[in-house]
Amino acid sequence: QVQLMESGGGLVQPGGSLRLSCAASGIIFSINAMGWYRQAAGKQRELVATITSGGITNYAASVTGRATISRDNGKNMVYLQMNSLRAEDTAAYFCNAEIRSPPDFRLTDYWGKGTLVTVSS
């Protein structure tokens, strides 16, 4: 059974940095796009950044210049480096991946359970 697990969240001071990691586990044939989304209290989940299997990245305007998404295809992992963190970055951060796995090898969207990032002094 395929699972995504995030790590690296926590309490950070404004202006600080954080690196989130997400590991995909289980029997995986291939992974297409991977990404990070976030959901602040009382708000809808929103895109933070995505990265294709070939390394093409896309960022939300709110994090452009402050965030870097990367992946390790050999380890089935995706990372999000966030710098110059602001109070408005406080949210639960979720990992997402489009994965093909047996038995049907159909491209399926998977989500992690999230990791909380709190930016506060």
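It should be emphasised that the depicted structure is a prediction, and the values quoted were computed from it without experimental measurement.

Q: Please explain unusual backbone geometry as it appears in this structure.
A: For residues besides glycine, phi is generally negative; the peptide bonds are generally trans as well. Residue P103 follows P102 across a cis peptide bond; omega there is 10 degrees. Among the secondary structure elements, P103 is positioned in the loop between strand 9 (91-100) and strand 10 (108-111). Although it is not a glycine, S84 adopts a positive phi angle of roughly 50 degrees. Here S84 shows up in the loop between strand 8 (77-82) and strand 9. Unusually for a residue other than glycine, F105 sits at a positive phi of about 60 degrees. Looking at the element boundaries, F105 is found in the loop between strand 9 and strand 10.

Q: Help me out: how do you make sense of the packing of aromatic side chains in this one?
A: When we look at a pair of aromatic rings, we describe it by the centre distance and by the angle of the planes. Counting across every chain of the model gives 2 aromatic pairs. Arranged with centres 5.3 Å apart and planes meeting at 85 degrees, the rings of F29 and F105 form a pair that is edge-to-face. Of the two residues, F29 is situated in the loop between strand 3 (18-25) and strand 4 (30-39) and F105 in the loop between strand 9 and strand 10; the sequence distance between them amounts to 76 residues. A relative accessible area of 57% places F29 in the exposed class. Take F105: its relative accessible area is 36%, and that puts it in the partly exposed class. Ring geometry for Y37 versus W111: centroids 5.0 Å apart, planes at 65 degrees, classification edge-to-face. Remark: W111 occurs in strand 10 and Y37 occurs in strand 4; sequence separation between them is 74 residues. Given a relative accessible area of 21%, Y37 falls into the partly exposed group.

Q: Can you help me understand the nonpolar core in this one?
A: One broad rule of soluble globular proteins: the nonpolar side chains tend to lie buried together. Formed by 28 residues in total, the largest nonpolar core has its most connected members in W36, V78, L80 and Y93. Every element with two or more residues in this core is listed here: strand 3, strand 4, strand 5 (46-51), strand 7 (67-72), strand 8, strand 9 and strand 11 (115-119). A total of 5 residues in this core trace back to one element, the largest contributor, which is strand 9.

Cut-offs used in this document
Residues numbered from 1 in each chain as written. Predicted model: local features only at pLDDT ≥ 70, side-chain atom pairs only at ≥ 80, totals over all residues. Heavy atoms only, no water. Helix = DSSP H or I, 4+ residues; strand = E, 2+ residues; numbered from the N terminus. Phe/Tyr/Trp six-rings, centres within 6.5 Å; stacked < 30°, edge-to-face > 60°. Buried < 20%, exposed > 50% of the residue type's maximum accessible area, 1.4 Å probe, protein only. Core = buried A, V, L, I, M, F, W, Y, C linked by side-chain atoms within 4.5 Å.

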